[in-house]
Amino acid sequence: MWDLQLQTTHQHPLLTFAGGGSRSRQSRLRRFCRWQIAHHGSWYRPDLAAWRDWLLQVEGLNPTTVRAYLSTVRSAYDQLLRSNQVRQWLYAHLGDDLTPERKWVLVAEFTTQLKNAIDPANAPVQVVTVQDEEDTAHVWLTPNQVAALVQAPGLDSWKGLRDTALIALLLCTGIRAAEAAALEVDDLRVALGGSLALKVRAGKGFKQRLVPYGAQEWGLALVEAWLERVGMTQGPVFVGLRKGDHFFLDATGHPQGLSVRSIEVALASYAIPVNGQLQTVSPHDLRRTYARQLYLVGTDLVAIQQNLGHDRQETTLAYIGTLDAEQRTPGDAYGTAWLQPLWEQLAQKESASQPSAKIGLDPSDGLIEELKDHPPSLVQHNKTIGGYVFKIWIDGLDPLIWRRFKVPAGLSFETLHDIVQIVLGWENYHLYRFEAAEDQFTPHPMGLGDHYPELTIDAHLQNPGSQLYYVYDFGDMWGHILELEKHLVRPVKTPSCMAGHRACPPEDCGGPWLYDEFLRSRRKRSGRVSQKWQHRIGNYWDADAFDRAQVNQDLAEYWSDIVDLPATDPSTSSAE
């Protein structure tokens, strides 16, 4: 009554009602369904013992793999049994000559028999447990081997730089392959007790943790070099690549992140000498290397355990508690003088690098530019601040008008005012004031807490999250919030705008309250405005316009003037 004379796997109820999940899971289920159809087995009477024997004896799979295949099939049948839709489907396929009560009895009997058929006791798989393993079963890299592996992919292509960054981050943080696959750009720079750290959103057991970089910050530098090269500022850190430096795109047209299997395959492309012969390594080998090397340089054992996110020694950890950032910050585990050629290559290749046309981003504001004249410290963790990344938005407006931009350290409030004017698109017609806690900085001090704007901004930007309040045009009273998003270790050579949304309001349009009225008027008239507003703003002003390239060109011209750089004569430039 339920045997549908299946001819193809697409008809199989197991795939119809429980065939979702990962590609690996779907592949295993299709393989089982093909075998079941080929051997004329009923879909509702799975002979898992025969399936086990076929995998072991005919296909020659190892017992651990066979156990995983059986587990996948059992879980799919279990999902099918829990589905009310399946119960209704079974009921509908019973004959009309049966009473409803009899039909439900048969459905219940079907459920019981299928549960018995998929019981693990009916198809056990014996797997040999290994107490002692040979030295070759696992790999712990030495610092020299680490140097060889990091330099193996090269920097000549997007894939080479991506794999270099991937290997470096695994070595410098000890994260799992699955955690690297799930890593987002925003996770790369977070603060842990004032130290720079990596955020693992959901590790094994859905445990979130922070991993301080310490002296291994060179891994972050290489990751940011990769992101700058391809122009990525959000989304997954490590993405799939096609030949010719093109992204794999998902269904929404965005770069698709690497899977765990893709990360394993990427590492398997690079063999290095280990114990006198060439050998590839796995992501877990790099995780073990991280643990051992940190231990050898004297990092506290509990700190290593917390960085790795292990659950062992629960009682000990409960007594000790979470170590502070200073205790958990690792020393220089790998001896990084060998990184210098990589910084030099990155600096040389920056001029030839182009942003990805697919996502429309410009990497000109990135790490590679900074590496030209200021390679990072390779021996000690350098906490000197070389610049700041701000996000600024106009207070009280909806939708939000905002920009993200970076500036060198040591600016005066007056210079920051000029940069803000260019970044947002104001025309610098009016007076301004910065407010930092109880202090105010303005060209015309009038109160006890007022200071001249020649003073520098650094003392007021101690930690990410610090805010400055900026008022422009004391008539319209445009308020702005500048939030410090991050400190930059390497010096910023030129201010630049990294992102933004919507056009700055026109000068003298009346402030936030009247600007909001203007937007409503414009919406009602499909982009036109009433005569009341034409003398203030014009008829076809575009509230959604934002040209980042033009903003950065204006910033470059302004900066070249104030730092007194010689102008470039196009007629004297080389043919290259």
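Residues numbered from 1 in each chain as written. Predicted model: local features only at pLDDT ≥ 70, side-chain atom pairs only at ≥ 80, totals over all residues. Heavy atoms only, no water.

Trainee: In this structure, what is going on with the pairing of strand S10 (residues 432-436)? I would like to understand it.
Mentor: Across a regular strand the side chains alternate sides, sitting on one face of the sheet and then on the other. A large share of S10 lies buried, amounting to four of its five residues. Relative to strand S13 (residues 467-472), S10 is paired through four bridges, and the arrangement is antiparallel. Within S13, the position partnered with Glu435 by the bridge is Tyr469. Strand direction decides the pairing type here: S10 and strand S11 (residues 439-441), joined by three bridges, are antiparallel. Counted as the bridge partner of Ala436 is Asp439 from S11. Counted along the chain from S10 to the antiparallel partner S11, the turn is two residues long, and its residue Ala437 has a positive phi close to 55°. (Buried < 20%, exposed > 50% of the residue type's maximum accessible area, 1.4 Å probe, protein only. Helix = DSSP H or I, 4+ residues; strand = E, 2+ residues; numbered from the N terminus. Pairing = 2+ DSSP bridges.)

Trainee: So what exactly am I meant to see when it comes to the sheet that holds strand S14 (residues 478-488) here?
Mentor: To summarise the sheet geometry, strands pair through backbone hydrogen bonds and adopt either a parallel or an antiparallel arrangement. Read across the open sheet, the eight strands follow the order S12-S11-S10-S13-S14-S8-S9-S15; overall the sheet is mixed. The outermost strands of the open sheet, each flanked by one partner alone, are strand S12 (450-451) and strand S15 (496-501). Sitting on the sheet, helix H18 (residues 413-424) is in contact with strand S8 (387-394), strand S9 (402-408), S10, S11, S13, S14 and S15, with an inclination near 140° to S9. Sitting on the sheet, helix H21 (residues 548-562) touches S9 and S15, and the angle it makes with S15 is about 150°. (Contact = heavy atoms within 4.5 Å. Axes fitted to C-alpha atoms, helices over the stretch in contact; angles between N-to-C directions.)

Trainee: What's the story with the sheet that holds strand S1 (residues 190-192) in this structure? I'm lost.
Mentor: If you walk across this open sheet you meet the three strands as S1-S2-S3, and the pairing is antiparallel. Each having just a single partner strand, S1 and strand S3 (209-212) make up the two edges of the open sheet. Recorded for the sheet is a direction-independent mean angle of 55° between the axes of neighbouring strands. Note that strand S2 (residues 195-200) and S3 share four bridges and pair antiparallel. Bridging from a neighbouring strand, Val200 pairs with Arg209 of S3.

Trainee: Help me understand the confidence of the model for the chain in this model?
Mentor: Interpretation of the predicted coordinates at a detailed level should be avoided for regions scoring low in pLDDT. In the predicted model, the chain carries a mean pLDDT of 80, and 81% of its residues have values of at least 70. Looking across the chain, the model is least confident in helix H14 (residues 314-320), with a mean pLDDT of 40, and most confident in H18, with 96. Confidence drops under pLDDT 50 across residues 315-322; counting only partners more than four residues distant or on other chains, this segment forms eight contacts. (pLDDT = per-residue confidence, 0-100.)

Trainee: Mind showing me how you'd approach the pattern of salt bridges here?
Mentor: Pairs can form between side chains of opposite charge once their charged atoms are near each other. Per the counting criterion, the structure on display carries 13 salt bridges. In this structure, the salt-bridge partner of Glu59 is Arg31, at a minimum N-O distance of 2.0 Å. Of the two residues, Glu59 is situated in the loop between helix H3 (48-58) and helix H4 (63-81) and Arg31 in helix H2 (residues 23-38); the sequence distance between them amounts to 28 residues. Judged by relative accessible area, which is 31%, Glu59 ranks as partly exposed. On the accessibility criterion, Arg31 (24% relative accessible area) is partly exposed. One salt bridge in this structure joins Arg288 and Asp285, with 2.5 Å as the shortest N-O distance. One end of the pair is Arg288 and the other is Asp285, both in helix H12 (residues 283-296) and three residues apart, which spans about a single turn. Each member of the pair, Arg288 as well as Asp285, is classed as buried. Salt bridges linked by common partners bring Lys159, Arg162 and Asp163 together as one network. (Salt bridge = Lys/Arg side-chain N within 4 Å of Asp/Glu carboxyl O.)

Trainee: How do you make sense of unusual backbone geometry when you look at a structure like this?
Mentor: At the junction of Asp398 and Pro399, the peptide bond is cis and its omega measures out at 10° in the coordinates. With respect to the element layout, Pro399 can be found in the loop between S8 and S9. Notably, Asp473 is not glycine yet its phi reads approximately 70°, a positive angle. Take Asp473: it is sitting in the loop between S13 and S14.

Trainee: Looking at this structure, I do not really get a nonpolar patch on the surface. What am I missing?
Mentor: A grouping of Leu431, Phe474, Met477 and Trp513 is seen on the molecular surface, where their side chains present a nonpolar patch of about 400 Å² in accessible area. By the secondary structure assignment, Met477 is in the loop between S13 and S14. Looking at Met477, the relative accessible area reads 36%, which means it is partly exposed. (Patch = residues over 30% accessible without salt bridge, like charges linked within 9 Å, V, L, I, M, F, W, Y side chains within 5 Å. Areas by Shrake-Rupley, 256 points an atom, 1.4 Å probe, with all protein chains shown as cover.)

Trainee: In this structure, what is going on with the packing of H12 against helix H13 (residues 301-308)? I would like to understand it.
Mentor: The description of two packed helices rests on the angle between their axes and on the distance between the axes. In contact at an axis separation of 10 Å, H12 and H13 are set at 160° when each is read in the N-to-C sense. Relative to H13, the element H12 is oriented roughly antiparallel. Of the two elements, H12 crosses H13, and the hand of that crossing is right-handed. Facing Arg287, Tyr290, Ala291, Leu294 and Tyr295 of H12, the residues of H13 in contact are Leu301, Ile304, Asn307 and Leu308. (Parallel < 35°, antiparallel > 145°, perpendicular 65-115°, else oblique. Left-handed = near helix turned anticlockwise from the far one by under 90°.)

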